Amino acid sequence: MLELSILGFLAEEPLHGYELKERIKALSGHVRPVSDGALYPAITRLVAAGKLDQRTEDGASAAPRRVLSLTEKGRSELLDRLRTPKQAEITDHVRFNTVLAFLRHLPDPAAQAAVLRRRLDFLEAPSSFFYQDGEPVRAEESGDLFREGMLRVARATGTAERAWLKEAIERLAQPPS
């Protein structure tokens, strides 16, 4: 997801490393912190693969800073990843939010809707954090105040997300005005 975030933010505008790190941190750092030890090697890999360009410009103080921008190869990689997210990027809420943050870069509304449909299909399948005899445990059946709370919040969040996904898919199906 780190590489997707890098490609996605750089699709919007060139950034230097610190700005990029702050944007990634704002997107998912509260759940999955990004360290310099993960970010800068990922940037180096993307530059080596020809997906990012970097140039040096004078910094605000004495130190020069690297400004990163997306190449055509990087843009193609971003679009491929948005068009066909891995299953974990559909089923994991934080990963899906990362896909969602950049889905607007995918130019085809039908392709955008297909990604949203995959998430909707996942959310509509019966599931729970807890199972008994192979069946999902509902909040009211948990017998535990805290698990009940967890399940009720998940149900409310899932209900709201499903409603938004259905609305978004419908809007994407309408011809542009």
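One can find the structure itself at the top, above this paragraph.
From a predicted model like this one, the values you see are computed outputs, not experimental measurements. (Residues numbered from 1 in each chain as written. Predicted model: local features only at pLDDT ≥ 70, side-chain atom pairs only at ≥ 80, totals over all residues. Heavy atoms only, no water.)

Let's talk about the overall build of the protein chain
What counts here: Secondary structure is summarised from DSSP: a helix means a run of H or I of at least four residues, a strand means a run of E of at least two, and numbering begins at the N terminus for each. In this treatment the radius of gyration is a C-alpha quantity, and the globule benchmark scales as 2.2 Å times the residue count to the 0.38 power. Contact criterion: two residues are considered in contact whenever any of their non-hydrogen atoms come within 4.5 Å of each other. Reported accessibility uses the Shrake-Rupley method at a 1.4 Å probe radius. Residues are deemed covered only where the shown protein chains occlude them. Counted as positive: Lys and Arg. Counted as negative: Asp and Glu, with His and the chain ends omitted from the count. In plain terms, the charge of a residue is placed at NZ if it is Lys, CZ if Arg, CG if Asp and CD if Glu.
Counting secondary structure elements, the protein chain contains eight helices and five strands. Listed by position from the N terminus, the elements making up the protein chain come as α-β-α-α-β-β-α-α-α-α-β-β-α. Since a compact globule built from 177 residues should have a radius of gyration of about 16 Å, the 20 Å found for the protein chain marks it as more spread out than a globular shape. Contacts spanning at least 24 positions in sequence make up 54% of the contacts within the protein chain whose residues lie at least 6 apart. Working note: accessible area of the protein chain is about 10,600 Å², and carbon and sulfur atoms make up 53% of it. Between the centroid of the 26 positive side chains of the protein chain and the centroid of its 26 negative side chains there is a distance of 2 Å.

Details of the pairing of strand E3 (residues 65-70)
How we decide: Any two strands with at least two DSSP bridges between them are considered paired.
As paired strands, strand E1 (residues 15-16) and E3 are joined by two bridges and run antiparallel to one another. Bridge pairing in E3 places leucine 15 opposite leucine 68. Taken together, the six bridges between strand E2 (residues 52-57) and E3 define a ladder with antiparallel strand orientation. Among the inter-strand pairings, arginine 55 is bridged to a residue of E3, identified as valine 67.

Side note on the pattern of salt bridges
How we decide: When a carboxyl oxygen of Asp or Glu lies within 4 Å of a side-chain nitrogen of Lys or Arg, that pair is called a salt bridge. Burial status follows relative accessibility: with a 1.4 Å probe on protein chains alone, a residue under 20% of its type maximum counts as buried, one over 50% as exposed, and anything between as partly exposed.
Counting across every chain of the model gives 16 salt bridges. Salt-bridge contacts for arginine 138 lead to glutamate 140; the nearest nitrogen and oxygen are separated by 3.5 Å. In this structure arginine 138 comes out as partly exposed when scored by relative accessible area, which is 47%. We note a salt bridge from arginine 152 to glutamate 148, for which the minimum N-O separation is 3.5 Å. Pair noted here: arginine 152 and glutamate 148 are both in helix H8 (residues 145-173), with a separation of four residues, about one helical turn. For glutamate 148, a relative accessible area of 27% translates into the label partly exposed. One salt-bridge network, held together by shared partners, links Arg55, Glu57 and Arg65.

Examining unusual backbone geometry
With a phi close to 55 degrees, aspartate 133 is a non-glycine residue in the positive phi region. Secondary-structure assignment places aspartate 133 in the loop between strand E4 (131-132) and strand E5 (135-136). A relative accessible area of 75% means that aspartate 133 is categorised as exposed.

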